[in-house]
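# Fold and geometry: a report
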Amino acid sequence: WPDFVDSSDPPRIRAALFAFLAVETLSEIAICSADVLKPWTILIILLCNCWGSLDAFLRFPIVHDLDSLFSLKQISLIALKLAGYALGFRNVAKHVGW
C-alpha cells in the first residue's frame, strides 16, 4: 500500500479507497444478513462508514491535526462502531472464530 500511494495520483488512490470501503460495507451487510448481528447494527455500520470513512476518503489527501473536530468525529465514530459490534452480536459464543 505505501508503494501504491507513493506512485499514484490522488484520484487513483481515492478510487482504491472507495473500492475498499465498498468491500468493507458489503462484508458488514453480509454479516448482518447472516443474522449474526442484531438488525439495528446495520444503521450504526452505515452511519460510521458513510459519515466517517466516506467523508475522510472524499477529503483525501488533506491531513487533519489530531486536535481538529474532524479527528474528534472520526474517533467518536470508531468508538460508536466498536460499541455497536460489542452490543450487537446475537450470540457471541456461537460465532467465536467463525
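Every value quoted in this text rests on a predicted model; they were computed, and no experiment measured them. For every chain, the first residue of the written sequence is number 1, and numbering continues from 1 along that sequence. Per-residue local features of the predicted model are confined to residues with pLDDT of at least 70, and side-chain atom pairs are confined, for both listing and counting, to 80 or more; whole-chain, interface and lining totals are unaffected and use all residues. Values reported for side chains reflect all heavy atoms of the structure, with hydrogen atoms and water molecules removed beforehand.

## Focus on the overall build of the protein chain
Think of it this way: any DSSP run of H or I at least four residues long counts as a helix, any run of E at least two long counts as a strand, and we number them from the N terminus. A tally of helices and strands in the protein chain yields 4 helices and 0 strands. For the C-alpha atoms alone, the extent of the protein chain along its principal axes is close to 45 × 30 × 20 Å. Going through the 98 residues of the protein chain one by one, you find that 31% of them count as buried. Contacts between residues were defined by any pair of non-hydrogen atoms, one from each residue, lying within 4.5 Å. Counted over contacts in the protein chain with a minimum sequence separation of 6, partners at least 24 positions apart contribute 65%. Accessible surface is estimated by sampling points in the Shrake-Rupley manner with a 1.4 Å probe; for residues, cover comes only from the protein chains shown. Carbon and sulfur atoms provide 70% of the accessible area of the protein chain, an area that totals close to 6,600 Å². Between the centroid of the 8 positive side chains of the protein chain and the centroid of its 9 negative side chains there is a distance of 11 Å. To sort residues, take the accessible area from a 1.4 Å probe on protein chains only and compare it with the maximum for the residue type: under 20% means buried, over 50% means exposed, and anything in between is partly exposed. The convention is simple: Lys and Arg are positive, Asp and Glu are negative, and His and the chain ends are not counted. Each charge is placed at NZ for Lys, CZ for Arg, CG for Asp and CD for Glu.

## Thoughts on the side chain of glutamine 74
The residue glutamine 74 is located in helix α4 (residues 69-88) in this model. Taking the relative accessible area as the measure of exposure, glutamine 74 reaches 18% and is therefore buried. Each residue touching glutamine 74, except ones within four places of it in the same chain, is listed here: Trp51, Gly52 and Ala56.

## Section: the packing of helix α3 (residues 41-59) against α4
All axes here are fitted lines through C-alpha atoms, helices being fitted over the stretch that makes contact, and every angle between N-to-C directions spans 0 to 180 degrees. Direction vectors running N to C along α3 and α4 enclose 155°, while the axes themselves pass 9 Å from each other. As far as their axial angle goes, α4 and α3 are roughly antiparallel. With respect to the hand of their crossing, α3 and α4 are arranged in left-handed fashion. In contact with Thr41, Ile44, Ile45, Leu47, Cys48, Asn49, Trp51, Gly52, Asp55, Ala56 and Arg59 of α3, α4 contributes Phe70, Lys73, Gln74, Leu77, Leu80, Lys81, Gly84, Tyr85 and Gly88. Looking at side-chain class alone, the contact of α3 with α4 contains 10 nonpolar, 6 polar and 4 charged residues. An angle counts as roughly parallel when it lies under 35 degrees, as roughly antiparallel when it exceeds 145, as roughly perpendicular when it falls between 65 and 115, and as oblique in every other case. We call a crossing left-handed when the near helix sits turned anticlockwise from the far one by less than a right angle, and right-handed when that turn is clockwise. Polar here means any residue outside two lists: the nonpolar Ala, Val, Leu, Ile, Met, Phe, Trp, Tyr, Cys and Pro, and the charged Asp, Glu, Lys and Arg; Gly therefore counts as polar.

Just geometry here; none of it tells us what the structure is for.
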